[in-house]
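Chain by chain, the residues run as shown.
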Amino acid sequence: MSLGKAARSLIKPVLRSSDSALRRSYAAVAEARAVLEHELDSIRAAGTWKAERIITSKQGPQINVDGTHGSILNFCANNYLGLSSHPEVVQAGIDALRAYGAGLSSVRFICGTQNLHKNLEQKLAEFHEREDCILYASCFDANAGLFEVLLGPEDAVLSDELNHASIIDGIRLCRAKRLRYKHMDLNDLEHKLKEAQSSRMRLIVTDGVFSMDGDVAPLKGICDLAEQYGSMVFIDECHATGFLGARGRGTDELLGVMDKVHIVNSTLGKALGGAAGGYTVGPKPLIDLLRQRSRPYLFSNALPPPVVGCSTRAVELLLASSEIAESMTAKTMRFRNRMTQAGFTISGSSHPICPVMLGDARLASLMADDMLNHGIYVIGFSYPVVPKGKARIRVQISAAHTDEDIDRCVDAFIETGRKHGVIS
């Protein structure tokens, strides 16, 4: 046999084997693609497809939206105080970018901590009247990083059944005994606390404000039970920090229990500038331990200087005056009262989150599209963001909205609601 023939005889089986492996790989990808397409088709068929609208302007009470003409009134942002486009907040971000650069290219404990990070942490601790603070890339990370550090197998965590997904995921990472109590049900919470009395530490975990419905946790009753049964209290304040309470400190200030809530997690991505980032405030030993062991903190880059600059200025504005926060109540009640009088069902009570309850996912989507045609930006919420049968359009009032803006939004809802038979 010639050398060439021998070589070809060796190569052919290899190629055949390679071709077979390649075919199997293609088949696996094709099968996965079919599974994914089927799942996507089922979402479309259920009317729960979540299309992303493209905003072509800065965030604010008025925005520009791709595919529309003229200015659109924005009633679906978490920009509660209108600070995301506040001139002083924006300028602070520009100044931080020039002075400190775009980012640190590293995690905090290696070479990612700057004095502006420490300054923001100090101001947030002061704002919440707690001992210390630690920054995260998001409040999702803050919730993911807390529970496994604080709680062990000998401890118990008692969680409201409607807590935010990030809290649920964070609790899943810890090894503590997990007890879920009925939504805002103090009797069920007490029953679960009795069940957890043999645990070393007990931690009650709740959203301060539940963002899907705008309802406020019964913190006074929770704190009373915590004292009675020797438990600590944790609250997630993403939808309260900056505007609830006499000085905008949050749900614990609103309900008079700032000295009884032990740990607070919140965000920089909503009322406090609207960019990104989250944090934990609480006892200094806890914050020190989080710096040593919290995985999202240890393995995530430091917050970019422009984000820190914007958030710092937002906190400074709120420390200096509560005037912006105080304007929220009247505007919120103006919307809620007019919508209720028109015949709509609005969930929650006095929170700027004002869910217009519709029940049907497709109806919520269609009405939101019609509202956009009227120059109002709102979004229909459906499963899995909210439970099945609880679809709604979530309206959010901002301190930056005028009374005229609110009235225009309500008038558009009335016209659209009549068109779809929601109101008469």
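Above this text you will find the structure in question.
Since this is a predicted model, take the numbers as computed values, not measurements. (Residues numbered from 1 in each chain as written. Predicted model: local features only at pLDDT ≥ 70, side-chain atom pairs only at ≥ 80, totals over all residues. Heavy atoms only, no water.)

### Some points on the packing of aromatic side chains
Then step 1. Applying the stated criterion across every chain yields a total of five aromatic pairs.
Then step 2. Considering the side-chain rings of F335 and F413, the 6.4 Å spacing of their centres and the 70° angle between planes classify their relative orientation as edge-to-face. With a gap of 78 residues between them, F335 in helix 14 (residues 328-342) and F413 in helix 16 (residues 403-419) connect regions that are remote in the sequence. Across this residue pair, the class does not change: F335 and F413 are buried.
Then step 3. Aromatic rings pair up to connect F335, F344 and F413 into one cluster.
Then step 4. Over the aromatic face of W49 sits the side chain of R44, whose NZ or CZ is 4.3 Å from the ring centroid.
Then step 5. Above the plane of the ring of Y383 lies K388, whose end atom (NZ or CZ) is 4.9 Å from the centre. (Phe/Tyr/Trp six-rings, centres within 6.5 Å; stacked < 30°, edge-to-face > 60°. Helix = DSSP H or I, 4+ residues; strand = E, 2+ residues; numbered from the N terminus. Buried < 20%, exposed > 50% of the residue type's maximum accessible area, 1.4 Å probe, protein only. Lys NZ or Arg CZ within 6 Å of the ring centre and 35° of its normal.)

### Looking at the packing of helix 5 (residues 139-150) against helix 10 (residues 284-293)
A packed helix pair is summarised by two numbers, namely the angle formed by the two axes and the spacing between the axes.
Then step 1. Their axes nearest at 10 Å, the elements helix 5 and helix 10 cross at an angle of 105°. With respect to helix 10, the element helix 5 is oriented roughly perpendicular. On helix 10, the residues that touch G145, L146, V149 and L150 of helix 5 are L286, L289, L290 and R293.
Then step 2. Classifying every residue of the contact of helix 5 with helix 10 by side-chain character gives six nonpolar, one polar and one charged. (Axes fitted to C-alpha atoms, helices over the stretch in contact; angles between N-to-C directions. Parallel < 35°, antiparallel > 145°, perpendicular 65-115°, else oblique. Contact = heavy atoms within 4.5 Å. Nonpolar A, V, L, I, M, F, W, Y, C, P; charged D, E, K, R; others polar.)

### Side note on empty space enclosed by the protein
Then step 1. Enumeration according to the criterion identifies two cavities of 30 Å³ or more in this entry.
Then step 2. In this model, the largest cavity occupies a volume close to 80 Å³.
Then step 3. Looking at the largest cavity, the residues that line it are R108, H117, L135, Y136, A137, P296, Y297, S300, N301, A302 and L303.
Then step 4. Counting residues per element, the ones that place at least two in the lining of the largest cavity are strand 3 (132-136) and helix 11 (295-298).
Then step 5. Looking at the lining of the largest cavity residue by residue, the class counts come to seven nonpolar, three polar and one charged.
Then step 6. Here the second largest cavity defines a volume of roughly 60 Å³.
Then step 7. Around the second largest cavity sit Q59, G60, P61, N74, F75, C76, A77, N79, Q396, S398 and H401, which together line it.
Then step 8. Of the residues in the lining of the second largest cavity, the class split is four nonpolar, seven polar and no charged. (1 Å grid on protein atoms, 1.4 Å probe; cavity = no way out; pocket = protein on both sides within 12 Å on 5 of 7 lines; lining within 4 Å. Points joined across faces, edges and corners; volume = space filled by probe spheres on them.)

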